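Spelled out from the first residue to the last, the chains are:
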Amino acid sequence: MFYWACILLSIVAAVFLASGIGSFKISYRTVAELWLSPFHPAWASDIEDRVRYIVIHVRLARICLALTVGGALALAGAVYQGVLLNPLADPFTLGVSTGAAFGASLAILTGMGWIFIPGMSPLPLAAFAGALAALSLVYLLGRLDGRIHTTTLVLAGIIVSTFLSALISLLKSLNEDSVSTIVFWIMGSLSGKSWAHALLVLPYLFVGGAVILYYARELDILSLGDVQAQHLGVDVARLRFRLLLAASLVTAAAVAVSGVIGFVGLVIPHLVRLTVGPHHRRLLPAVLFSGGLLVLVSDTLARSILPSGEELPVGVVTALLGGPFFCYLLLHRKKYLQL
Amino acid sequence: MIRVERLRCAYEGRDVLKEVSFEVERGEFIGVLGPNGAGKSTLLLALSGIVPVRSGKIEILGRPIDRMRPKERARGMAVVAQDADARFPFTCREVVRMGRYPHQGRWRIDSVEDETVVERVLRITDTEGLADRMITAVSGGERQRVVVARALAQQTPLLLLDEAVSSMDVHRRLQVFCLLERLNREEGLTILAVLHDVNLAAFFCRRMIFFKNGETAADGRAADVLTPEILERVYQTRVMVQEIGETGKRQVIFLP
């Protein structure tokens, strides 16, 4: 209970603080008045339309997208760790994120006309296809005499990821795109995103998240290993397939609008497991919220930390936070990784 | 309870079981023995539907195994597997509680009945002291006791064990087997145990099946199959079989 109150309060506080930060100075008093205006319209009556637009359609939209993308990536990370029994697994280390970014870039390059479904943007679907292709490749490469090894899987993920990053750069260069779009796909950014982007990700997060939460109990049992889970009546092969599909779907939707933001899915599940324990019924919702919070904070730092007013890619901030954490995991591998 | 008919299984490209047939009646206590690589563990994996059947058939509780849903099978048969690894820091009580999974519906949280069963198996397996410790932090032998408790929490009519006591000390081994014998006698629990320890089997199992090279080498009452001839043929080692005075049980000594 305490944990939930903490995380929800922190999110509200972070959203409030983040919506007051930016190159255009807006006082927190004004932000607060805007927030409360639905209940007391008179307070907001003397606020300029321009300020209202910046807070609601620029900053809040971006904040909402940060929460969604972070939640999706962290949730996917928790599922990959649980299904593959691999503490180093996350959408980035498995190459799934880069695969999704590659799928989306390819779809943009080819004009996207070839997969048009009425009422849906083809971008997340193309990203999903890329994510699944990358995951299958990593899975095949990571197998050694029929077994999946923790380290080989991550090694395969990093190889596939590096190769696909290079391909993305090549595609973009051939298409005479600017360096900034390459950086967008490889390092991730939420710059210039609107409510439309947030609404694009949410349905996929909702569907994938529902599947993942539905199997929360099975994820607990899977932690005993394949054979024992099978003995307890879990259909392991089918369960693994469905969960990997769901996790890749939410990853792909997030990557399609934000590019590759690394380490969120790695760091958050470990930290949350330390506080709420390994039960997936509690872990998964907590991971969803904490992941959103981390990306929100990282994105706010990314757009405000440089004195010149330039923006950093948000992936730079998460990697700066995640890299040392990865080192910590390696140093304490006896305890966490059982290598 | 179990019917295996001309079962053939391949594992990693190698024929491990060739034409194995046997039947298990309700209330039996069977030891499955044999040298390494004889196909004992594969038999258990095939019985729990993990290793696919090449030909022949397996029936459990009168139903073909490939027609049973995994949860249904887990309500009829519990298995204590050889490798009990644990990745996430669940407490031992929570691991035992996972044994209730096959009885639980999707939206039902642990019921009062589940709690009663969990507390009961913790008590009878003498694992109450471990209940609140992390499964990742207990020793190999302790983990095996927790896994036995979890299998009993499944409340199945049939219990399969694969080297389930291999990491336990002598005292714990005997404790677990005395418990199993009591459950077998009082509650009619049917038990099939894969064992390396011939003498442990000789004390508790009323029937023994010896495997060699993927075939049954001998199958019968303990008193009939525990003979120097059969043991020497199965293990390729000289043996001495002795009756232990007042118990009427036999013990085996392997000679170099």
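Keep in mind that this is a model prediction, so the values were computed, not measured.

Analysis parameters
- Residues numbered from 1 in each chain as written.
- Chains lettered and ligands numbered in written order.
- Predicted model: local features only at pLDDT ≥ 70, side-chain atom pairs only at ≥ 80, totals over all residues.
- Helix = DSSP H or I, 4+ residues; strand = E, 2+ residues; numbered from the N terminus.
- Rg over C-alpha atoms; globule rule 2.2 N^0.38 Å.
- Contact = placed C-beta atoms within 7 Å.
- Core = buried A, V, L, I, M, F, W, Y, C linked by C-beta atoms within 7 Å.
- Buried ≥ 20, exposed ≤ 12 C-beta atoms within 10 Å, placed from the backbone.
- Pairing = 2+ DSSP bridges.
- Nonpolar A, V, L, I, M, F, W, Y, C, P; charged D, E, K, R; others polar.
- Axes fitted to C-alpha atoms, helices over the stretch in contact; angles between N-to-C directions.
- Parallel < 35°, antiparallel > 145°, perpendicular 65-115°, else oblique.
- Left-handed = near helix turned anticlockwise from the far one by under 90°.
- Expected span 1.5 Å × (residues − 1).
- Arc of directions from axis to C-beta.
- pLDDT = per-residue confidence, 0-100.

**Observations regarding the overall build of chain B**
Here comes step 1: Secondary structure assignment for chain B yields nine helices and twelve strands.
Here comes step 2: Taking 2.2 N^0.38 as the reference for a compact globule, 256 residues should give roughly 18 Å; the C-alpha atoms of chain B span a radius of gyration of 18 Å, in line with that estimate.
Here comes step 3: Here the C-alpha coordinates of chain B stretch approximately 55 × 45 × 35 Å along the principal axes.

**Some details on the overall build of chain A**
Here comes step 1: The helix and strand tally for chain A stands at 15 helices and two strands.
Here comes step 2: Overall size of chain A, expressed as C-alpha extent along the three principal axes, is 70 × 55 × 40 Å.
Here comes step 3: For chain A, the share of sequence-separated contacts (at least 6 apart) that also reach a separation of at least 24 residues comes to 76%.

**Focus: the nonpolar core**
Here is a general trend for soluble globular proteins: nonpolar side chains tend to be buried in one another's company.
All names here are of chain A.
Here comes step 1: Among the nonpolar cores identified, the biggest contains 178 residues, and A72, L75, A127, V201, V250, A253 and V287 are the most heavily contacted of them.
Here comes step 2: The greatest single-element share of this core, amounting to 16 residues, is contributed by helix 3 (residues 49-84).
Here comes step 3: Excluding residues within four positions of it along the chain, V250 makes contact with A72, L75, A76, Y204, L205, G208 and G209.

**Concerning the pairing of strand 12 (residues 250-255) of chain B**
Residue and element names in this part refer to chain B.
Here comes step 1: Where strand 11 (residues 238-243) meets strand 12, six bridges bridge the pair, whose relative direction is antiparallel. Counted as the bridge partner of M240 is I253 from strand 12.
Here comes step 2: Where strand 11 folds back on strand 12, the antiparallel hairpin that results is connected by six residues, among which G248 adopts a positive phi of roughly 75°.

**A few points about the interface of chain A and chain B**
Here comes step 1: Taken together, the 17 residues of chain A in the interface contact 19 residues of chain B.
Here comes step 2: For the side of chain A that touches chain B, the secondary-structure elements that each account for two or more residues are helix 9 (216-222) and helix 10 (226-231) of chain A.
Here comes step 3: Ranked by residue count, the leading element in the side of chain A that touches chain B is helix 10 of chain A, at four residues.
Here comes step 4: Residues that form the side of chain A that touches chain B fall into these classes: seven nonpolar, seven polar and three charged.

**Observations regarding the sheet that holds strand 1 (residues 2-11) of chain B**
Residues and elements named next belong to chain B.
Here comes step 1: Pairing is antiparallel across the open sheet formed by four strands, whose spatial order is 2-1-4-5. Unpaired on one side and paired on the other, strand 2 (14-24) and strand 5 (63-64) mark the two borders of the sheet.
Here comes step 2: Pairing geometry for strand 1 and strand 2, over seven bridges, is antiparallel. Residue pairing for strand 2: A10 is matched across the bridge by D15.

**Brief notes about the packing of helix 4 (residues 96-109) of chain A against helix 11 (residues 236-258) of chain A**
Residue and element names in this part refer to chain A.
Here comes step 1: It is at 9 Å that the axes of helix 4 and helix 11 come closest, and there the two elements cross at 55°. One way to sum up the angle between helix 4 and helix 11 is to call them oblique. Crossing angle aside, the handedness with which helix 4 passes helix 11 is right-handed. Taking contact as the criterion, the partners of V96, S97, A100, A101 and A104 in helix 4 are, on helix 11, S248, T251, A252, V255 and A256.
Here comes step 2: Split by residue class, the contact of helix 4 with helix 11 holds seven nonpolar, three polar and no charged.

**Observations concerning helix 12 (residues 264-276) of chain A**
Residue and element names in this part refer to chain A.
Here comes step 1: In this model helix 12 runs 18 Å from its N-terminal to its C-terminal C-alpha over 13 residues, within 8% of the 18 Å that 1.5 Å per residue would give.
Here comes step 2: Residues of helix 12 that are buried include every one of V264, G265, L266, V267, I268, P269, V272 and R273, and no others.
Here comes step 3: Where the residues of helix 12 are buried, they touch helix 3, helix 13 (280-304) and helix 14 (314-331).
Here comes step 4: The positive-phi residue at the C-terminal boundary of helix 12 is G277, with phi of around 85°.

**Here we look at the environment of A246 of chain A**
Residues and elements named next belong to chain A.
Here comes step 1: Structurally, A246 can be placed in helix 11.
Here comes step 2: Through-space distance from the C-alpha of A246 to that of I186 is 23 Å; in sequence the pair is 60 residues apart.
Here comes step 3: Every residue in contact with A246, bar those within four places of it in the chain, is listed here: G208, V211 and I212.

**Digging into helix 6 (residues 170-187) of chain B**
Residue and element names in this part refer to chain B.
Here comes step 1: With 18 residues, helix 6 extends 25 Å between its outermost C-alpha atoms, agreeing within 8% with the 26 Å of an ideal straight helix rising 1.5 Å per residue.
Here comes step 2: Burial in helix 6 covers these residues: V176, F177, L180 and N184. End-on, the buried residues of helix 6 take up no more than an arc of 95°, which puts them together on one face. Away from its buried face by more than 90 degrees, helix 6 exposes H171, C178, R182, R185 and E186.
Here comes step 3: Those residues of helix 6 hidden inside the fold are in contact with strand 3 (29-33), helix 5 (140-153), strand 8 (190-194) and helix 7 (198-204).

**Here we look at the confidence of the model for chain B**
Here comes step 1: Here chain B shows a mean pLDDT of 89. Residues at 70 or above account for 98%.
Here comes step 2: The ipTM for the predicted assembly is 0.90, set against a pTM of 0.90.

**Observations regarding the confidence of the model for chain A**
Atom-level detail of predicted coordinates should not be read off regions where pLDDT is low.
Here comes step 1: Confidence in the prediction for chain A averages 86 pLDDT; 94% of positions are at 70 or higher.
Here comes step 2: Here helix 15 (residues 333-336) of chain A is the element of chain A with the lowest mean pLDDT, 64, and helix 13 of chain A is the one with the highest, 94.

**A look at the sheet that holds strand 7 (residues 158-162) of chain B**
Residue and element names in this part refer to chain B.
Here comes step 1: Sheet architecture is open: six strands sit in the order 6-7-8-3-9-10, paired in mixed fashion. Both edges of this open sheet fall to strand 6 (77-80) and strand 10 (215-221), since each of them pairs with a single strand only. Taking each pair of neighbouring strands and ignoring which way they run, the sheet shows an average axis angle of 15°.
Here comes step 2: The sheet contact formed by strand 6 and strand 7 spans four bridges and is parallel. Residue V80 lies in a different strand from strand 7, and its bridge partner there is L161.

**A word on the environment of T247 of chain B**
Residues and elements named next belong to chain B.
Here comes step 1: Along the chain, T247 turns up in the loop between strand 11 and strand 12.
Here comes step 2: Looking at T247, the number of C-beta atoms within 10 Å reads 10, which means it is exposed.
Here comes step 3: C-alpha separation for the pair T247 and F203, spaced 44 residues apart in sequence, amounts to 9.0 Å.

**Regarding unusual backbone geometry**
All names here are of chain B.
Here comes step 1: Phi at L61 is positive, roughly 50°, even though this residue is not glycine.
Here comes step 2: Overall, L61 belongs to the partly exposed group, with 19 C-beta atoms counted inside 10 Å.
Here comes step 3: In this structure, D126 takes a positive phi of about 60° despite not being glycine.

**Looking at the packing of helix 3 of chain A against helix 8 (residues 195-214) of chain A**
All names here are of chain A.
Here comes step 1: Between helix 3 and helix 8, whose axes approach to 9 Å, the crossing angle comes to 25°. With respect to helix 8, the element helix 3 is oriented roughly parallel. Handedness of the helix 3/helix 8 crossing: left-handed. For the pair formed by helix 3 and helix 8, the contact residues are H57, A61, C64, L65, T68, V69, G71, A72, L75 and V79 on the first element and W195, H197, A198, V201, L202, L205, G209 and I212 on the second.
Here comes step 2: Tallied by class, the residues present in the contact of helix 3 with helix 8 amount to 13 nonpolar, five polar and no charged.

**As for the environment of Q82 of chain B**
Residues and elements named next belong to chain B.
Here comes step 1: You can see Q82 is positioned in the loop between strand 6 and helix 3 (92-97).
Here comes step 2: Taking the C-alpha atoms as reference, Q82 lies 28 Å from G105; in sequence the two are 23 residues apart.
Here comes step 3: Residue contacts for Q82: discarding those within four places in its chain leaves S41, D162 and E163.

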